[in-house]
Amino acid sequence: STYREVFSQKRDGIQRKQSHLQAGVSKLNEASAHVADLKEKAGIQSALLAEKQAEADQALKAITSAMEKASDQKQEMEGLKSKQSEEALKLEKRKKAIEVELSEVEPLVREAKRAVGNIKPESLTEVRSLRAPPETVRDILEGVLKLMGTNDTSWSSMKTFLGKRGIRDEIATFDARNISPEIRDSVGHLLQTHSRSFEEKMAMRASQAAGPLAAWVKANVQFSIVLEKIEPLEKEQATLQKNLDKSQRRLEKVVAALDQVDQTVANLKARFEKRTTEAARLKIEVDAAKETIGRAEMLLSKLEGEHGRWSEQVNQLTSALTLLPKYSLLAAAFISYLSGASEDVRQSKMTQWCEKLSVPTSFDFCHFLSTESEQLQWKAEGLPSDSLSVENALVILQGHQCPFLVDPSQQATEWLKKHLKESRLEVVNQQDANFTTALELAVRFGKTLIIQEVDTVEAMLYPLLRKEFNVQGPRSVIMIGEKAVDFNEDFRMYLTTRNPAPVITSDSASIVAEVNFTTTRAGLTGQLLAVTLQSEKPELEERKSNLLQAEEEKKVQLAQLEESLLQELATAEGNILENHSLLDSLNQTKANSLVIQEALQESSRIQVSLDQERDAFLPLAKTASTLFFVISDLYKLNNMYRFSLASFLRLFQRALSTKSDGSVTEVRIKTLANTLQMLVYEYVCRSLFKADRLMFALHLAHGMHPDLFQEKEWEVFTGLLVADMFRRQESMAHVRDSLPSWVDKERAGALNLLKSKLQTLYRSLSVDKTDVWGVFARSSQCEMEFPPSLAKKVSPFQQVLVVQALRPDRLQSAMSEFAAKALGLKHLSGGNFSLKRVVANETVASEPILLVVSAGSDPSQDLQELAVSSVGKEHFHQVAMGQGQAEIALQLLNDCASSGDWLCLKNLHLVTSWLPTLEKELNSLEPNPSFRLFLTAEVHPRFPAILLQTSLKLTYESPPGIRNNLLRTTEAWTPEFLSSGSVTRAQAMFAVAWLHAVVQERRTFIPQGWTKFYEFSQSDLRAATDILERLIVRADGGEVPWEYMHGLMENAIYGGRIDNTFDIDVLQSYLLQYFDTSLYNQNQGRTRALAQDVNLPPSNRLKHYQEIIKMLPDLDKPAHFGLPSNIERSAQRTVSQQVISQLKVLMRPDVAGGKFDKDRWTKELTPVLDLWYKLNQAPDLKKLEKGGSIQGEMEGPVASFLAQERMNAVRLRNVVNNSLGSLRRVLEGTALLTAEVQKTAMAMLSHEVPNIWSSLWDGPEDTVQYLRSLAGRLMALDTWITRVTANQLYSKNTQLDLSEIFRPDTFLNALRQQTARQLKCSMDGLKFVCWWNGSTFSTGHQLQISVGELYLEGCTFDGRRVLANERNSPTVAVIPVCTMAWVPKSAEDPYHEKESIALPLYFTSDRQRLVTRINVPCSGKQDKWVQCGAALFLKQM
């Protein structure tokens, strides 16, 4: 129906216009033909008249001449003879006088001309090539140019003159008679004032060409003087000669003509009379025809432009009718399928459709369905001026389905209200109590209804949207809920929502037309440009607006005049050339049209000038638009990080309000851009948690300063580009062996990535020069000590890449340094905000203040103090949200909004399902200007996007560090709380506070501090102090049973949150250290060390403990946690990995709710498909498919494990092959999209591993890393099978890498089972042992394996014992090859229990999956190694 309506509407309009134009053109063609006939007849008569008049005039002249000659014939003949004799004598005298005068100067002129002719072209070229000629040359050439008649004697003119082709011949053949007295006087003056320049020696010295030219100038001047002198003689001579010749000829003619004169006169008189009579008659006829032709030609000439344009339009309309079906199909398809698509998708699809329909890709949907006048009218009503909004307006007005406007800014909704205000418009919210009644009345009486706040299409609207009418005679009835309502054909309905992501189910998507008004780059750029001009050049925008308005009025007038012309021509009857009143009317209309056209042309010229002035500020608008979309990506990382366009525009206005220094526009724009960037950075930073600010700074630098990054650098940095796979493990070993001595072996893979993907950078680094890189390798701040010889060769970001590859322990600092410089900041903290200042300066009554709190932090106290000081305690209200509080909160909200009080709603994350109601209530309020609404919430993925965007967000976190943690705890203590008990109680209470601070702040060092984030909270602290209080009371001054404290803390209070046994070990070590009888000695006066540099005072006074707290450093010492000295390097490594992971999340494309987008899918997924295809071509992978039994030295559990491993590997590979193969076929268009393929694609687009893969093997979380790890293990598995087959698995010379198999823990269990079979004992009777070279341990059997590529973090191991890390120790190090085996439990251990520590061996450095425990020899207390977070993990493939 959309196609039919569009086609019929356009066809009728084209045909109507074509008919109208054709009628006007036909009338003009008829008039032109009639004028042509008249002109032809008049032309024949005019020619005949001229002929007759010419003949009569000729006869009259001939008669007169003949008669005069006849009367004077004889007298003239005598006079001629006498005169001839006298003039002959005079002529001879004049000849002799002229020859005397010329005898001296003519040789000089000839010689000068000859010399000029001999001038070499090279000489002229040499003169012409001079930048500035010598004065002599300039004077000579000035004389030449003036004589030749050229007044422009500039050097440019001289060079042009000398460069003319044939200039020497032109000078040589110059006739001095052409020299005027003025020119001669001017050149003579030049010769007199610059006489030295025309001397032969001076001229020749200046140039070889100057000498002849100087002589030529002087000779011609002299020759001109002589010629002037002899000019009267020559004239007299010429006159005498001419008269003599004439007299002779005349004499001869007179004699011959005397006989014919009488006869000729008689004949001419008769002819003259006849021709005069005929000419008089013809003149009367010609004058009448010319009058008619003149009037017609004047009209036709004025309408000539219209005739040509109308004729062309008729042809265009004829062509348009031919293409109309295709154009109408494109327009209908746009309305039906592209209303909810983004700009780039619309453009791409329209281009594809145009190509398929073989129509020009320049097809303009907007101009096809609307006129420029209509578009200007919409803009005047408030519609945004960008192309997307105009297209959406056409979809709304032309489509047949009910429009569903997704309009976060509400600009489109306000336009629609203005546009439909004359259509009996009613506006209602879907949540209003009277919604159903308003809907029924609108349907019954044919009103236009706009339904706002439609987050999802209600079921009662479905019959209306589907048009499920029940016809009852002349009535059409429709069901609304349970009620049948008469349907009026004039009823129209429009749905709108501010929610950028409304729920449009599949059944409702087919009956509504989603029209997306979400902000676009182009639209925002135009909006920001208008705001900029309003601030910077308000008069410019006003002139532009007035000009457009005037231009539109003139266009309308012009169209009306043209329509009037067509109407008068089309309705004229008979010959229009004979209708004088019609001709006068047409002339007047055309005259008015010309005046308007000239005004429009002038308007266009002015508009071009204005546009140039406006475009000067376009770079600022584009920069700001890019900035908004950069910060808009942050929601992908955290749902709470959403920012509205309205808040961004306020920041933009603040930037524009900065004072101008009167500088030029370019400098002003740069200043404004920097100011805006700073304001936005500070605004966003205070809405982010501190841990996310470095990520944001890098994201902002990448988005706003792409010139700082060369090709592939960002992809390498974020891990989207990876190095090629090694075919064999030996290849990686070779790379490690070839590394320079200063490079850590662990960095071989990272360095290889630089080498393979950024070859130019790698070559410029010269990593093999140890002397250049020595300081960098050893420095504790390597990012600040980049080799000076290389610092200028590589960009700042390339230095970050080098640190990432070679010193990841300093990558966080390097990233911070780079981001700060790129953004022009001193630091990345974004500044400390004051809640009081923000509320006073930046808040308004209609915008809630959302305090996003982290776990354990509470802004209530600060907020209450601010409210009391600002509005008073009686005007501040608080509601802790929970069950049954919704109605109370809404009532308080309305009351406070009316009275201007302040309201705080707490813990909104507990009532996310109610928040849409709150947001809509806020939107409907008209609050008192003094009203302020504060909201507090923790991060929640279902927090409504609209409420987040419309709120001013501030993050509230507790200050980090043990010192701040203890201060928060002791602030709640009163002096009496400690002094009321014994010293032991006070010391133990402080120890509990210290433990609480340590276990909480140790979370900073995840995964080395704790393996994961544990929610230790104030409730744990309260429970611990309560338990301690009871134990102290029970001891009644005696010895406190600390073992009870240990047990309760380990198993219930803090330990109850911990699910990792090694983390439990850490907690146990703390409990034993902080709660021991030796620590709380009753001997007064002695201090006891709770931790390094922290002694328990023998006092129960609070101030003594507060003094200890104040002496603590702001930055925690690693020793306070028992962590190694180089923990900062480990922390930096962990933080930098987290930041890069966050950046990868931000790079994820918006997958539009899982919709299939072939172009985007192909662009994003093809590189992954190609990578797998390349990895899959390895010969080692193809061997696995052949299968077969594994024959080795001992068939058993190990062989069975490898057979099962191979089977599972082949199965996983086949699943991956099938998934990616199906996906490739879908992208190629040879297969249909299935639900399974769609799930796979969605996961890969989000850089996640599809569930169907991870269910078979839980590998890396990133798709690319997963595929590479899979391929690496598949290739390595062939090597393992070969070793078993060749009986080499248990050889001492065979070094195994457990990371090469999928399930290393299962492999060790298979080895255990095989050992039990060989030793003929139960598996439970075996224990796992590990030892290194130097140990005398022996298993007594051959089932032992050598394992390498194990990495140690938290300490160092040299093969004999564990050593503490120094400050500059590497964070991760490879330990020596160890031997592993299973032995009977009765056998001795390789190392004594008290001289070894059981370290966990994890799959990866994130410490989430445990492989086994390994006993490592150590010295000193075991608690030291437990607290340092030491752990082993397998190599990362």
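The preceding data block contains the structure.
Residues numbered from 1 in each chain as written. Predicted model: local features only at pLDDT ≥ 70, side-chain atom pairs only at ≥ 80, totals over all residues. Heavy atoms only, no water.

This next bit is on unusual backbone geometry. Following Ile 1006, the chain continues into Pro 1007 via a peptide bond in cis, with omega recorded as 10°. Mapped onto the elements of the fold, Pro 1007 is located in the loop between helix H42 (983-1001) and helix H43 (1018-1035). Even without being glycine, Lys 467 reaches a positive phi, approximately 60°. The residue Lys 467 is located in the loop between helix H18 (462-466) and strand E4 (470-472) in this model. Judged by relative accessible area, which is 48%, Lys 467 ranks as partly exposed. A positive phi angle is found at Asn 1287, which is not glycine, with a value near 55°. Along the polypeptide, Asn 1287 turns up in the loop between helix H54 (1263-1285) and strand E16 (1295-1296). (Helix = DSSP H or I, 4+ residues; strand = E, 2+ residues; numbered from the N terminus. Buried < 20%, exposed > 50% of the residue type's maximum accessible area, 1.4 Å probe, protein only.)

Turning to the sheet that holds strand E23 (residues 1378-1384), a few remarks are in order. If you walk across this open sheet you meet the 4 strands as E16-E18-E23-E17, and the pairing is mixed. At either end of the open sheet lies a strand with only one pairing partner, and these are E16 and strand E17 (1326-1331). The sheet contact formed by E16 and strand E18 (residues 1344-1347) spans 2 bridges and is parallel. Across the sheet, the residue bridging to Leu 1296 is Val 1347, located in E18. (Pairing = 2+ DSSP bridges.)

Attention now moves to the packing of aromatic side chains. The full count for this structure, using the stated rule, is 45 aromatic pairs. Through a chain of ring-to-ring contacts, three or more aromatic side chains come together here, namely Phe 709, Trp 714, Phe 717, Phe 797 and Phe 818. Note that Arg 1002 overlies the ring of Trp 1010, its terminal NZ or CZ placed 5.6 Å from the centroid. Geometry around Phe 1403 places Arg 1409 over its ring, the cationic atom sitting 3.9 Å from the centre. (Phe/Tyr/Trp six-rings, centres within 6.5 Å; stacked < 30°, edge-to-face > 60°. Lys NZ or Arg CZ within 6 Å of the ring centre and 35° of its normal.)

The sheet built from 5 strands is open, its strands ordered E22-E19-E26-E24-E25 with mixed pairing. Bordering the open sheet on either side are strand E22 (1372-1374) and strand E25 (1410-1417), each of which pairs with just one other strand. Across this sheet, the average inter-strand angle for adjacent strands is 30°, counted without regard to direction. The pairing of strand E24 (residues 1396-1402) with E25 spans 7 bridges and is classified as antiparallel. Residue pairing across strands places Ala 1398 opposite Asn 1415, the latter belonging to E25. (Axes fitted to C-alpha atoms, helices over the stretch in contact; angles between N-to-C directions.)

Between the first and last C-alpha of helix H12 (residues 343-357) there are 21 Å, a value that for 15 residues agrees with the 21 Å anticipated at 1.5 Å per step. Here H12 has its buried residues at Arg 346, Met 350 and Cys 354. Down the axis, H12 shows its buried residues gathered within 60° of arc, on one side only. Away from its buried face by more than 90 degrees, H12 exposes Glu 355 and Lys 356. Looking one or two places after H12, you find Ser 358, whose phi comes out positive at around 60°. (Expected span 1.5 Å × (residues − 1). Arc of directions from axis to C-beta.)

Turning our eyes to something else, we now look at helix H37 (residues 886-899). Taking 1.5 Å per residue as the helical rise, H37 with its 14 residues ought to reach 20 Å, and the 20 Å between its terminal C-alpha atoms agrees with that figure. Regarding H37, the residues found buried are Ala 889, Leu 890, Leu 893, Cys 896 and Ala 897. Viewed along the axis of H37, the buried residues span an arc of 135°, placing them on a single side of the element. The outward face of H37, more than 90 degrees from its buried face, is lined by the exposed residues Glu 887 and Ser 898.

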